[in-house]
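# Structure assessment
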Amino acid sequence: MTDWFTTSGGVRIAYHEVGAGDPAIVFIHGAYSNRRGFGFQEEYFSPNHRCIAVDLRGHGESDKPDELYTMDQHGHDVAELIRHLGLEKPVLVGQSMGGQVVIAAAAHYPDLVGAIASLDSPSNIPGWHQRFHGPYDHLMTKDGPFRETLIAFLSAAYLPTDDPSRLGGMAERLSHVPDHVILNSWLGKREYDPTETLRGVRCPYLYIDCGQPDVDLELLRELCPQVVIGKTVGAGHKALQDVPDQINAMLNRFIHHADGIAAEMVRTGGVFQYNLADATI
């Protein structure tokens, strides 16, 4: 069932929730998508956690104002949702662009967010967006072939092992996204630089890599020393749906040991290692 709340700026945001238990988990989708993609995660976590999935402004059943959609604005909306629902230090899980939203929320509202996880969110690494989105920018204009360009760009994030129906149905799915949402979302990401945002993240952070090219994980760790890195096997951008067992297992372990994992990452420089030097015979 869909619920709504209205932000302080008058934008109506849609969400739904299932389950009960703390910490609550807030699921945040990527660009041009909606909150309906987290079904496997809701099924897995809802017996023990309150699970909330939200439609970002411009997406799904939320209002779609013709304005620039920035990561900071999405982060502010998520913070308002947390306050609206009275959540106590929830875990924020963002897929793709949702990963930029969760770091924005965590950096701007450290008292509201308990931990964050991003799933295949390479634009969280400074410079990645400019290297891989930049060559398409001149085509992503009102007078350009922006829909065809977007499909070509998004298609590159699928692996041969992925469910082919997802790639084949992309054009039909995007046909439901208004032109201004596609363009305003792309423009909102074009000048995005996560450097200072990452420096402001203090809570535990799980980054799950699903095969994006040239992801500088060492730079991510330099800016956010508590980050822990996970990797999927044989699944690309929609790993949360194609291999939910892998995603759910990593999320579950992280959620229940977030503080300890973050402390170990800071202590060791990002590498889990046995303490064999302390072993006694």
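Heads up: these notes are all about the structure in this document. (Residues numbered from 1 in each chain as written. Predicted model: local features only at pLDDT ≥ 70, side-chain atom pairs only at ≥ 80, totals over all residues. Heavy atoms only, no water.)

This part is about helix 8 (residues 179-190). With 12 residues, helix 8 extends 17 Å between its outermost C-alpha atoms, agreeing within 8% with the 16 Å of an ideal straight helix rising 1.5 Å per residue. By the burial criterion, the buried members of helix 8 are Val181, Ile182, Leu183, Asn184, Ser185, Trp186, Gly188 and Lys189. (Helix = DSSP H or I, 4+ residues; strand = E, 2+ residues; numbered from the N terminus. Expected span 1.5 Å × (residues − 1). Buried < 20%, exposed > 50% of the residue type's maximum accessible area, 1.4 Å probe, protein only.)

On to the packing of helix 5 (residues 146-155) against helix 8. Closest axis-to-axis distance for the helix 5/helix 8 pair is 11 Å, and the angle between their directions is 55°. The orientation of helix 5 with respect to helix 8, classified from their angle, is oblique. Here helix 5 and helix 8 pass one another in a crossing that is left-handed. Contact with helix 5, carried on its side by Phe146, Arg147, Leu150 and Phe153, involves Asp179, Ile182, Leu183 and Trp186 of helix 8 and no other residues of that element. In terms of residue class, the contact of helix 5 with helix 8 is built from 6 nonpolar, no polar and 2 charged. (Axes fitted to C-alpha atoms, helices over the stretch in contact; angles between N-to-C directions. Parallel < 35°, antiparallel > 145°, perpendicular 65-115°, else oblique. Left-handed = near helix turned anticlockwise from the far one by under 90°. Contact = heavy atoms within 4.5 Å. Nonpolar A, V, L, I, M, F, W, Y, C, P; charged D, E, K, R; others polar.)

Our next topic: the nonpolar core. Ranked by internal contacts, the top residues of the largest apolar core, which has 58 residues, are Leu92, Ile116 and Tyr205. The contact partners of isoleucine 116, leaving out residues within four places of it in the chain, are Leu92, Val102, Ile103, Ala106, Val201, Cys203, Pro204, Tyr205, Leu206 and Phe254. (Core = buried A, V, L, I, M, F, W, Y, C linked by side-chain atoms within 4.5 Å.)

Our next topic: the environment of aspartate 245. Examined against the element boundaries, aspartate 245 turns out to sit in helix 12 (residues 244-256). Its relative accessible area of 56% is what places aspartate 245 among the exposed residues. Through-space distance from the C-alpha of aspartate 245 to that of phenylalanine 40 is 8.7 Å; in sequence the pair is 205 residues apart.

Let us now look at helix 5. Owing to its 3.6 residues per turn, the α-helix aligns residues three or four sequence positions apart on the same side. Among all positions in helix 5, only Phe146, Thr149, Leu150 and Phe153 are buried. Take helix 5 and look down its axis: the buried residues cluster within an arc of 100°, on one side only. (Arc of directions from axis to C-beta.)

Okay, the sheet that holds strand 1 (residues 3-6) next. Strand order in this open sheet of 8 strands is 1-2-4-3-5-6-7-8, and the pairing throughout is mixed. Both edges of this open sheet fall to strand 1 and strand 8 (227-231), since each of them pairs with a single strand only. Put simply, the sheet's adjacent strands are angled 20° from each other on average, direction ignored. Pairing analysis gives 4 bridges linking strand 3 (residues 25-28) to strand 5 (residues 91-95), with the strands arranged parallel. Among the inter-strand pairings, isoleucine 25 is bridged to a residue of strand 5, identified as valine 91. Sheet strands in contact with helix 12 are strand 3, strand 5, strand 6 (115-119), strand 7 (205-209) and strand 8, and its direction is about 165° off that of strand 7. (Pairing = 2+ DSSP bridges.)

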